[in-house]
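Single-letter residue listing:
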Amino acid sequence: MAKNALPSAFENFADARKEGFLTVKNLKDEGKKVVGTFCAYTPVEIFLAAGAVSVGICSFSDETIPEAEKVLPSNLCPLIKSSYGFAITEKCPYMYFADLIVGETTCDGKKKMYELLGDIKNVHVMQLPQTQTDEASIEMWYKEVLALKEKVEKEFDVTITEDDIKAAITIKNEERMLLQEFYNLSKSCPPPITGTEQLKVLYGSQFKFDYESKNKELRDVIDKVKKDYEDGVENVSKSAKRILITGCPLAGVTEKVVTAIEDSGGVVVAFENCIGVKTADRLVDENEEPYKAIADRYLQIGCSVMTPDTNRYDLLSRLVEEFKVDGVVEMTLQACHTYAIETAQIRKLMQDRDVPFISVETDYSTADVAQLKTRLAAFIEMLV
Ligand code: BJ8
């Protein structure tokens, strides 16, 4: 079996977050505005249309949690503590450079943290409805999207024209279609790449701020992976068990879950989490009124903060079929009540489809690496 050498374009994504620090600093020096975002519900087309750079500032390391715990309760989701910790310690360059931070009323922990963050940073909070189908929620979110446009125009002293917003929708849709094409490569049996490799591109692509060159790099990586596969290069064993990961956002230290799976005879073929399929699956309708189309698209993202979370269930049902998964691993972060409670519904959903399911709870420490490995190895071992 020939071993696949990682295409060079692939490696371009591996250190994108770190390399992006300097890029953002340079962009700031050139006078660009920077917007920090926390959630998949944030309509980034508005920042793009305003000529600003947007960057995800959710943090995935335990480095600043002790500082955060001087203010926040220790029994709180590590993503919230870590992100707040990076803000107060000024250790995250993206957070530091952000002229504006946009959050949404998603879970209780995040929305209360934004109030504290507002004391030290320029924070705008969008009121996110908790349901996705009733007219009042749809109308409310549309108004929130329009309010964000006005806020950005005022803050950055720009006017977003109809052409600006339409161009932003088009280029962001292009990125989504390329990401779809990329992760859909793993529908093949065996998949052409490991989950660790897939994650590098999905996560790294968030930290590339020039959309034209990013989309070109995505095109390159897709073409190279495809060509290697067609040439018979086998990067993943045919016997590897095909795993879908769902649950809380996964990156940084929580990649320990992916490592545990892939060191135990599994291969992650799909990430349903934020940074994975759920953020790229739906396009903004380019034939509708732009802000209505943006509002409609974002509100339909499946996340446990919604009640009921039907779109997550529908997406998961589709993905387990399309990616021919052998098992589903859910990762929840400690003290994330919405995902932890929804585990019961996801377990039932998978039982009804005869798909083996396991849920693991973790945090941003490395103390549970061995325990995760034991549990996930046992899960993969029993997959037929
Ligand atoms: S769309 S997943 S990014 S809300 S912060 S809910 S882990 S307790 S991040 Fe999220 Fe938007 Fe949904 Fe995605 Fe739980 Fe922690 Fe809250 Fe969290």
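Please refer to the structure placed before this passage.
Quick caveat, the model's predicted, so the values are computed rather than measured. (Residues numbered from 1 in each chain as written. Predicted model: local features only at pLDDT ≥ 70, side-chain atom pairs only at ≥ 80, totals over all residues. Heavy atoms only, no water.)

S.K.: Mind laying out the pairing of strand 8 (residues 357-362), listing which residues take part and the relevant values?
M.R.: With five of six residues buried, strand 8 lies mostly within the body of the structure. Across six bridges, strand 7 (residues 327-333) lies against strand 8 in parallel orientation. When the sheet's bridge partners are listed, Met331 is paired in strand 8 with Val360. Considered for its hand, the β-α-β crossover made up of strand 7, helix 16 (residues 337-352) and strand 8 is right-handed. (Buried < 20%, exposed > 50% of the residue type's maximum accessible area, 1.4 Å probe, protein only. Helix = DSSP H or I, 4+ residues; strand = E, 2+ residues; numbered from the N terminus. Pairing = 2+ DSSP bridges. Right-handed = clockwise from strand over helix to strand, strands pointing away.)

S.K.: Any chance you could break down the nonpolar core for me, citing the residues and the numbers?
M.R.: Proteins that are soluble and globular tend to have nonpolar side chains buried together. Membership of the largest hydrophobic core comes to 129 residues, with the highest contact counts inside it found for Phe38, Val152, Ile245, Val257, Ile261 and Val329. With sequence-adjacent residues up to four places away left out, Val257 is seen in contact with Ile245, Leu250, Val329, Met331, Leu372 and Leu376. (Core = buried A, V, L, I, M, F, W, Y, C linked by side-chain atoms within 4.5 Å. Contact = heavy atoms within 4.5 Å.)

S.K.: I'd love a proper account of the sheet that holds strand 8, names of residues and values included.
M.R.: Here we have four strands laid out as an open sheet, ordered 6-5-7-8, and parallel in their pairing. Because the sheet does not close on itself, it has two edges, and the strands there are strand 6 (266-271) and strand 8. Between one strand axis and the next, the sheet turns through 30° on average, direction left out of account. Docked against the sheet, helix 16 engages strand 5 (241-247), strand 7 and strand 8, running at close to 175° with respect to strand 7. (Axes fitted to C-alpha atoms, helices over the stretch in contact; angles between N-to-C directions.)

S.K.: Quick rundown of the site of the ligand? Include the residues and the values.
M.R.: As a matter of local geometry, the ligand sits amid 16 residues, with Cys39, Cys107, Cys274, Cys303 and Cys336 nearest to it. Per-class residue counts for the shell around the ligand are 14 nonpolar, one polar and one charged. (Near = heavy atom within 4 Å. Nonpolar A, V, L, I, M, F, W, Y, C, P; charged D, E, K, R; others polar.)

S.K.: Account for the sheet that holds strand 3 (residues 100-104), naming residues and giving values.
M.R.: Strand order in the open sheet formed by four strands is 2-1-3-4, and the pairing between neighbours is parallel. Because the sheet does not close on itself, it has two edges, and the strands there are strand 2 (53-56) and strand 4 (123-126). On average, adjacent strands in this sheet sit at an angle of 25° to one another, irrespective of strand direction. Of the pairings in the sheet, the one linking strand 1 (residues 34-37) to strand 2 comprises four bridges and is parallel in character. Note that in strand 2 the partner of Gly36 across the bridge is Val55. Contacts from helix 8 (residues 135-156) reach strand 1, strand 3 and strand 4 within the one sheet, and its direction differs from that of strand 4 by about 165°.

S.K.: A description of the packing of aromatic side chains should follow, citing residues and the corresponding values.
M.R.: Tallying each qualifying case throughout the model produces eight aromatic pairs. Summarising the aromatic geometry, the rings of Tyr94 and Phe207 are spaced 5.5 Å apart at their centres and angled 20° between planes, so their arrangement reads as stacked. You can see Tyr94 sitting in helix 6 (residues 93-97) and its partner Phe207 sitting in the loop between helix 10 (195-204) and helix 11 (211-230), a full 113 residues away along the chain. Since its relative accessible area comes to 0%, Tyr94 is described here as buried. For Phe207, a relative accessible area of 4% corresponds to the buried category. A ring pair is formed by Tyr94 and Phe209, whose centres lie 6.1 Å apart and whose planes are at 70°; its orientation type is edge-to-face. (Phe/Tyr/Trp six-rings, centres within 6.5 Å; stacked < 30°, edge-to-face > 60°.)

S.K.: Any details on the packing of helix 9 (residues 162-184) against helix 11? Residues and values, ideally.
M.R.: Relative placement of two packed helices is described by the angle separating their axes and the distance separating the axes. Packing of helix 9 against helix 11 leaves a shortest axis separation of 10 Å and a crossing angle of 20°. One way to sum up the angle between helix 9 and helix 11 is to call them roughly parallel. Here helix 9 and helix 11 pass one another in a crossing that is left-handed. Counting all contacts with helix 9, which are made through Ile171, Lys172, Glu174, Glu175, Leu178, Leu179, Glu181 and Phe182, the residues of helix 11 involved are Tyr211, Glu212, Lys214, Asn215, Leu218, Arg219, Val221, Ile222 and Lys226. Grouping the amino acids of the contact of helix 9 with helix 11 by side-chain chemistry returns eight nonpolar, one polar and eight charged. (Parallel < 35°, antiparallel > 145°, perpendicular 65-115°, else oblique. Left-handed = near helix turned anticlockwise from the far one by under 90°.)

S.K.: So, helix 7 (residues 108-117): which residues are in play, and what are the values?
M.R.: Among the residues of helix 7, those classed as buried are Gly109, Lys110, Met113, Tyr114 and Leu117. All buried residues of helix 7 project into a common sector of 135° when viewed along the axis, lining one side. Tucked into the core, helix 7 has its buried residues touching helix 5 (78-89), strand 3 and strand 4. (Arc of directions from axis to C-beta.)

That's the geometry; what it means functionally is another story.
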